[in-house]
Amino acid sequence: MNQTANYQLSQWESTDRILMADFNSDNAKIDAALKGLADRTGIQQLYHLELTEPYSSRILYVPLEDVEWSKWNRLHIYAAPALPEGTTYFNAFFNNTSTYTLQTQMGEALYMTIQSLRGEAPFIHGMFWSDEGCSLFGFPILTFARLESLALVSPTVDTFDPGTVVTVWGEP
């Protein structure tokens, strides 16, 4: 059996006998490499959701209340809501209030980076990108310590379809 150059992962040929031990060994190597990368970059996945069935609500909540905010300077949020045909935009509400709202035209996905300003003005600000472009935002009253949830809100339909994905990472 051949092996890859960098991590010596199994590369079977049609005549090789495939063993469960080889798969387990490869997975252990991949897991260790990914852990090493996460340790070096410091970015850690804090939340992940992928819908496999329809979610019958116009609001999809992303809980953030258990995040240990003192560990993170930035949050990275990827949201790709699968909404029914004809839906042209969705909103992202922080802390379940329209006071802290981002609105984006529908595209494939929305990506946000939220930065905590330390010191005299510890409010959050950031930038979000979608297929339609990018925009800066800031909420002068909302701090990381007060950030409890993100809600994706569809103002026109009452369901999120299978394939909806939301992932949140923290960066020190």
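S.K.: Tell me about the nonpolar core, and please be specific about residues and values.
M.R.: Of all hydrophobic cores here, the largest spans 34 residues; its most connected members are F94 and M112. Discounting residues that sit within four places of it in the chain, F94 has contacts with Y100, L102, M112, I114, F137, F139, L142, L147, S149 and L150.

S.K.: Requested: an account of the confidence of the model for the protein, with residues and values cited.
M.R.: Across the protein, pLDDT averages 80, with 87% of residues at or above 70. Across the protein, element-level confidence peaks in strand β3 (residues 44–50) with a mean pLDDT of 91 and bottoms out in strand β7 (residues 101–105) with 68.

S.K.: Give a description of the pattern of salt bridges that names residues and reports values.
M.R.: Side chains that differ in charge, positive against negative, can pair when their charged atoms come close. Scanning the entire structure with this criterion turns up 1 salt bridge. Measuring nitrogen to oxygen at the nearest pair gives 3.1 Å for the salt bridge that ties E171 to R74. Linking E171 in strand β12 (residues 165–171) with R74 in strand β5 (residues 74–80), this pair joins segments that are 97 residues apart in sequence.

S.K.: Please set out the side chain of D22 residue by residue, giving values where relevant.
M.R.: By the secondary structure assignment, D22 is in helix α1 (residues 20–41). One buried charged residue, D22, forms no salt bridge at all, with the nearest opposite charge on K29 at 8.0 Å. Other than its neighbours up to four places away in sequence, D22 contacts M1, S10, W12 and R17.

S.K.: Lay out the environment of M127 with the relevant residues and their values.
M.R.: Among the secondary structure elements, M127 is positioned in strand β9 (residues 123–130). Considered as a pair, M127 and H76 are 51 residues apart in the sequence and their alpha carbons are 10.0 Å apart. Ignoring anything within four residues of it in the chain, the contact list for M127 reads Y111, M112, T113, C134, S135, L136 and F137.

S.K.: Describe in detail unusual backbone geometry, supporting the description with residues and values.
M.R.: Positioned with a positive phi, Q8 is a non-glycine residue whose angle comes to about 55°. For Q8, the position within the fold is in the loop between β1 (2–3) and β2 (10–11). Here Q8 falls in the partly exposed class, since its relative accessible area comes to 35%.

S.K.: Help me get a handle on the environment of R146, residues and values and all.
M.R.: In this fold, R146 is placed in the loop between β10 (133–143) and β11 (149–153). Dropping the residues within four chain positions of it, R146 is found in contact with N95, Y100 and I141.

S.K.: I'd like a rundown of a nonpolar patch on the surface, residues and numbers included.
M.R.: A cluster of nonpolar side chains, namely I30, L34 and L37, defines an oily patch on the protein surface of about 260 Å² accessible area. Among the structural elements, L37 can be located in helix α1.

Definitions and cut-offs
- Residues numbered from 1 in each chain as written.
- Predicted model: local features only at pLDDT ≥ 70, side-chain atom pairs only at ≥ 80, totals over all residues.
- Heavy atoms only, no water.
- Core = buried A, V, L, I, M, F, W, Y, C linked by side-chain atoms within 4.5 Å.
- Buried < 20%, exposed > 50% of the residue type's maximum accessible area, 1.4 Å probe, protein only.
- Contact = heavy atoms within 4.5 Å.
- pLDDT = per-residue confidence, 0-100.
- Helix = DSSP H or I, 4+ residues; strand = E, 2+ residues; numbered from the N terminus.
- Salt bridge = Lys/Arg side-chain N within 4 Å of Asp/Glu carboxyl O.
- Lys, Arg positive; Asp, Glu negative; His and termini not counted.
- Patch = residues over 30% accessible without salt bridge, like charges linked within 9 Å, V, L, I, M, F, W, Y side chains within 5 Å.
- Areas by Shrake-Rupley, 256 points an atom, 1.4 Å probe, with all protein chains shown as cover.

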